[in-house]
Amino acid sequence: QVQLVESGGGLVQVGGSLRLSCAASGSIFSINYMGWYRQAPGNQRELVASITRDGRTNYADSAKGRFTISRDNGKNTVYLQMNSLKPEDTAVYYCYAEVAIARTEGFRRYWGQGTQVTVSS
């Protein structure tokens, strides 16, 4: 079993910053992609940012220039630094990790439980 535990969400004013963390634990042989999605009420879940094991990153247009994704492979943890937050960033943020539990197994996507980010104006 693989578990992803998120932390760092909360309430922040417009223009403020938050840092989300997501730690993976359990039967982990290797992790490929890690990243963050978000889902606002009434909207579909959308990709915010992703990062490969060797540090290649990808961002949604809405996140470019404001958000920074990073990871610590030794801790199986991914981070999302969010700056210059806007009301439209309000959503539940979900982390994910593509995990292989053994050398002979393929990668499977696991999800965190979600953490609420609310940006007030």
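In the block above lies the structure referred to throughout.
Residue indices follow the written sequence of each chain, beginning from 1 at its first position. In keeping with the predicted nature of the model, local features appear solely for residues at pLDDT of at least 70, side-chain atom pairs appear and are counted solely at 80 or more, and the whole-chain, interface and lining totals rest on all residues. The side-chain figures draw on all heavy atoms in the structure; neither hydrogens nor water molecules are used.

When a carboxyl oxygen of Asp or Glu is within 4 Å of a side-chain nitrogen of Lys or Arg, the pair counts as a salt bridge. Summed over the entire model, instances satisfying the criterion amount to six salt bridges. A salt bridge links aspartate 61 to lysine 64, with the shortest nitrogen-to-oxygen separation between them at 3.2 Å. With a closest N to O distance of 3.0 Å, arginine 109 and glutamate 98 form a salt bridge. Residue arginine 109 is located in strand β10 (residues 108–111), and its partner glutamate 98 is located in strand β9 (residues 91–100); the two are separated by eleven residues in the primary sequence. One salt-bridge network, in which partners are shared between bridges, spans Arg38, Glu46, Arg66 and Asp89. Under the DSSP-based scheme used, a helix requires at least four consecutive residues in state H or I and a strand at least two consecutive residues in state E, with every element numbered from the N terminus.

The next thing to look at is the state of the cysteines. In this description, the term disulfide denotes a pair of cysteine sulfurs within 2.5 Å. Applying the stated criterion across every chain, the model contains one disulfide. Between the sulfur atoms of cysteine 22 and its disulfide mate cysteine 95 the distance is 2.0 Å. One quick way to see it: the torsion about the S-S bond of cysteine 22 and cysteine 95 is about 50°, and its sign makes the bridge right-handed. You can see cysteine 22 sitting in strand β3 (residues 18–26) and its partner cysteine 95 sitting in strand β9, a full 73 residues away along the chain. Like cysteine 22, the residue cysteine 95 is buried in the burial classification. Burial status follows relative accessibility: with a 1.4 Å probe on protein chains alone, a residue under 20% of its type maximum counts as buried, one over 50% as exposed, and anything between as partly exposed.

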